[in-house]
Amino acid sequence: MEECRNQSGKRQAPIGVFDSGVGGLTVVREIMRQIPEEPIVYFGDTARVPYGSKSRSTIIRYSRQIIRFLRTQGVKAIVIACNTASAYALDEVRKELDIPIIGVVRPGAKVAAKVTQNGKIGVIGTEGTIHSRLYTEIIHEIRPEYEVLGRSCPLFVPLVEEQWLKDPVTEEVASRYLKELQDSGIDTLILGCTHYPLLRSTVGKIMGEKVTLVNPAYETALELKSLLQKEDLSYEGEEPADKYRFFVSDDPTKFQKFAEWILPCSDAETKQIRIDEY
Ligand code: DGL
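As the structure is a computational prediction, the values presented were derived from the model and not from experiment.

Calculation rules
- Numbers given for residues are sequential positions, taken from 1 along each chain in its written order.
- Where totals are concerned, whole chains, interfaces and linings use all residues; where local detail is concerned, this predicted model gives features only for residues with pLDDT of at least 70, and gives and counts side-chain atom pairs only at 80 or more.
- Values reported for side chains reflect all heavy atoms of the structure, with hydrogen atoms and water molecules removed beforehand.
- Whether a residue is near a molecule or strand is decided by its heavy atoms; if any one of them lies within 4 Å of it, the residue is near.
- Two N or O atoms form a polar contact when they lie within 3.5 Å of each other; inside protein one atom must be a possible hydrogen donor and the other a possible acceptor, and for residues adjacent in sequence the pair counts only when both atoms belong to side chains.
- Here the accessible surface of atoms and residues is derived via Shrake-Rupley with a 1.4 Å probe, and residues count as covered only by protein chains that are part of the display.
- Only protein atoms enter the 1 Å grid used here, on which a cavity is any set of points holding a 1.4 Å probe that cannot leave and a pocket is any open set flanked by protein within 12 Å on both sides along at least five of seven lines; residues with an atom within 4 Å of a point are listed as lining.
- By definition, a pocket or cavity contains a molecule when more than half of the molecule's atoms lie within 2 Å of the pocket's grid points.
- Each residue gets one label: Ala, Val, Leu, Ile, Met, Phe, Trp, Tyr, Cys and Pro are nonpolar, Asp, Glu, Lys and Arg are charged, and the others, such as Gly, are polar.
- Helix and strand assignments follow DSSP, with helices taken as H or I runs no shorter than four residues and strands as E runs no shorter than two, numbered in order from the N terminus.
- A 1.4 Å probe rolled over the protein chains alone gives each residue an accessible area, and that area as a share of the maximum for its type sets the label: buried under 20%, exposed over 50%, partly exposed in between.
- When checking whether two residues touch, look at their non-hydrogen atoms; a contact exists if any pair is within 4.5 Å.
- Grid points are joined across faces, edges and corners, and a volume is the space filled by probe spheres set on the points.

K.L.:
What's the story with the site of the ligand in this structure? I'm lost.
P.N.:
By nearness alone, 13 residues border the ligand, and Asp 19, Ser 20, Tyr 51, Gly 52 and Thr 84 come closest of all. Within the side chain of Asp 19, a nitrogen or oxygen atom sits 2.8 Å from a nitrogen atom of the ligand. A total of 300 Å² of accessible area belongs to the ligand in isolation, and the protein chains cover 98% of it. Its atoms largely coinciding with the cavity grid, the ligand occupies the second largest pocket. Broken down by class, the residue content of the shell around the ligand amounts to 5 nonpolar, 7 polar and 1 charged.

See the structure below:
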């Protein structure tokens, strides 16, 4: 009986999601769409963004602090929404946790390996994600013979944050970044950074309709759904009053604007916290 109550308490706990800033909201958006009943606590490290150009050891240290904070919020599972933090920190922090944790890299890589027809896959992401080669490693675990080509596109993040999604400047930048991938004959391209799904139509236009674009945010939400079912952690009960809670490490104004822009429901208040105290 006691155990039964404990389990139902766990089911009602929120999912913890974190990212270096606003970009992880693309993952939150997919979770809201795929499993709308799940409460979410989100942390965006807006004071220390970008993660994409930082070292592995720094990203691991930041991720540990954020996980300590999320645990104070009683989360039942954690999603690392940031590709760079998934690539650098997931394996390290997973060993230290007694709740499920997933990143965005493995779900994206698995789907890319499944959908490619010619075994040539492109990955775009931050310098950190591409340098880690994790997408390549996971694809090679599944199909060692596949060719994986990586390209970092650092200017995409600020362009998305300016909301210049279909702007001629963005199109020009994207054409330059994607030229080599276009010529390489890939038939699948992983949008391996939180911000890039918002550039889907620009990237799609340049790569052409024969190239399948993989959105790791979408695949991660699906993986989270089956993980919660497997662990008997899927939400059950009345909708809680504070279903979505957002926290950031810098002034919340810009974050809130971005959230209003991309989330289906973003009326929750965003609070600023001192992440270095965790
Ligand atoms: N969230 C990061 C990622 O997906 C992109 C922004 C950054 O560099 O921090 O890799």
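On we go.
K.L.:
How should I be thinking about the side chain of Gln 65 in this particular structure?
P.N.:
When you line up the elements, Gln 65 lands in helix H3 (residues 56-72). A relative accessible area of 8% places Gln 65 in the buried class. If sequence neighbours within four positions are ignored, Gln 65 has contacts with Arg 48, Ile 275, Asp 276 and Tyr 278.

K.L.:
Help me understand the layout of surface pockets in this model?
P.N.:
Empty space among the atoms becomes visible once a probe the size of a water molecule is rolled across them. The calculated volume of the largest pocket comes to roughly 350 Å³. Lining the largest pocket are 22 residues; nearest its centre among them are Ser 86, Ala 87, Leu 90, Asp 91 and Leu 134. Only H3, helix H4 (83-94), strand S4 (101-103), helix H5 (105-115) and helix H7 (134-142) provide two or more residues apiece to the lining of the largest pocket. In terms of residues, the lining of the largest pocket owes the most to one element, H4, which gives 8 residues. When its residues are assigned to classes, the lining of the largest pocket shows 11 nonpolar, 3 polar and 8 charged. A volume near 240 Å³ is recorded for the second largest pocket.

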